[in-house]
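# Architecture at a glance
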Amino acid sequence: GESVGLHLPTLSVQEGDNSIINCAYSNSASDYFIWYKQESGKGPQFIIDIRSNMDKRQGQRVTVLLNKTVKHLSLQIAATQPGDSAVYFCAELGNFGNEKLTFGTGTRLTIIP
Amino acid sequence: EPEVTQTPSHQVTQMGQEVILRCVPISNHLYFYWYRQILGQKVEFLVSFYNNEISEKSEIFDDQFSVERPDGSNFTLKIRSTKLEDSAMYFCASSRLRTGNYGYTFGSGTRLTVV
């Protein structure tokens, strides 16, 4: 069945360093991926998305890489700040017409001052 | 920036009681969703709603759950007879387009505690 999973449940990074959060997916038909940030007591907040016809997409301090060959995507956060501490989820929206997001289990990112 | 608003932020209810969780989606959005997140677990899809009817639902969304858009602005999730395992954060979300090209916008959630 479809699943979206994360390699690491926790990640600690020194403030100012770059962080990389990884995600694996199993549905080869997935065509749209989203990274969400969830701070304590809040709902998921959209960070960046990527379609399956792209390998890389950049935003402000964030980059998402998609490797369709191994069904893997990653979120890179440059020059991490204390406000980046949160749980990060990858989510997948399947074939066209499928409306539901399938979330991964999440990685807790802690920025060490 | 437009927000999805959920009320209450926290609800405590006795097992077997009915609860209604309320959401006000973003005004020009057409697609509405409920998700839930059991403590420490991933966010799970419950139901999607468009044009005043359910368009997709998960196996979690059984006969105890129902959704309604009673007045054109609110979007509600009702649990008829709550169980202990219904304790979770419930997130409402809305999107302008069906395939979420612009992403979903989530509310801050309602924490439901069933005792």
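Let us look at the structure shown here. (Residues numbered from 1 in each chain as written. Chains lettered and ligands numbered in written order. Predicted model: local features only at pLDDT ≥ 70, side-chain atom pairs only at ≥ 80, totals over all residues. Heavy atoms only, no water.)

## Re the overall build of chain A
- Counting its secondary structure elements, chain A contains zero helices and eleven strands.
- When the helices and strands of chain A are read in sequence order from the N terminus, they spell out β-β-β-β-β-β-β-β-β-β-β.
- The buried share among the 113 residues of chain A stands at 47%.
- Here the analysis covers contacts within chain A between residues at least 6 apart in sequence; of these, 54% occur between residues at least 24 apart.
- As displayed, chain A offers around 5,400 Å² of accessible surface, 48% of which is attributable to carbon and sulfur atoms. (Helix = DSSP H or I, 4+ residues; strand = E, 2+ residues; numbered from the N terminus. Buried < 20%, exposed > 50% of the residue type's maximum accessible area, 1.4 Å probe, protein only. Contact = heavy atoms within 4.5 Å. Areas by Shrake-Rupley, 256 points an atom, 1.4 Å probe, with all protein chains shown as cover.)

## As for the overall build of chain B
- On a plain count of helices and strands, chain B comes out with zero helices and eleven strands.
- Counting from the amino terminus, helix and strand elements in chain B follow one another as β-β-β-β-β-β-β-β-β-β-β.
- Radius of gyration (C-alpha) of chain B: 13 Å, near the 13 Å computed for a compact globule of 115 residues.
- Counting all 115 residues of chain B, 44% fall into the buried class.
- Here the analysis covers contacts within chain B between residues at least 6 apart in sequence; of these, 55% occur between residues at least 24 apart.
- One finds the centroid of the 11 positive side-chain charges in chain B at a distance of 1 Å from the centroid of its 13 negative side-chain charges. (Rg over C-alpha atoms; globule rule 2.2 N^0.38 Å. Lys, Arg positive; Asp, Glu negative; His and termini not counted. Charge placed at Lys NZ, Arg CZ, Asp CG, Glu CD.)

## Thoughts on the nonpolar core
- Core analysis: the largest hydrophobic core is formed by 22 residues, its most contacted members being Trp34, Leu46, Phe61, Val67, Phe75, Leu77 and Tyr90 of chain B.
- Core analysis: the second largest hydrophobic core is formed by 20 residues, Cys23, Leu66, Ile77 and Ile111 of chain A among them. (Core = buried A, V, L, I, M, F, W, Y, C linked by side-chain atoms within 4.5 Å.)

## Section: the packing of aromatic side chains
- Following the criterion strictly, the structure yields 15 aromatic pairs over all chains and no others.
- Aromatic pair Tyr36 of chain A and Phe103 of chain A: ring centres 5.6 Å apart, planes at 35°, arrangement tilted. Of this pair, Tyr36 of chain A sits in strand S4 (residues 32–38) while Phe103 of chain A sits in strand S10 (residues 101–103), and the two are 67 residues apart along the sequence. There is no split in this pair, since Tyr36 of chain A and Phe103 of chain A are both buried.
- Measuring from ring centre to ring centre gives 5.5 Å for Phe32 of chain B and Phe75 of chain B, while their planes differ by 40°; the resulting arrangement is tilted. In this pair, Phe32 of chain B is assigned in strand S4 (residues 31–37) and Phe75 of chain B in strand S8 (residues 75–79), connecting sequence segments 43 residues apart. By the burial criterion, Phe32 of chain B is buried, and Phe75 of chain B matches it. (Phe/Tyr/Trp six-rings, centres within 6.5 Å; stacked < 30°, edge-to-face > 60°.)

## Remarks on the pairing of strand S11 (residues 110–114) of chain B
All names here are of chain B.
- The alternating pattern of S11 places Thr110, Leu112 and Val114 on a buried face and Arg111 and Thr113 on a face that is not buried.
- Note: strand S2 (residues 10–13) against S11, four bridges, orientation parallel. Across the sheet, residue Val12 finds its bridge partner in S11, namely Thr113. (Pairing = 2+ DSSP bridges.)

## Regarding the state of the cysteines
Residues and elements named next belong to chain A.
- Under the definition given, this model contains two disulfides over all chains.
- Note that Cys23 is cross-linked by a disulfide to Cys90, the S-S spacing being 1.8 Å. Handedness of the Cys23-Cys90 disulfide follows from its S-S torsion of about 50°: it is right-handed. Placement of the pair is Cys23 in strand S3 (residues 19–25) and Cys90 in strand S9 (residues 86–93), with a sequence separation of 67 residues. (Disulfide = S-S within 2.5 Å.)

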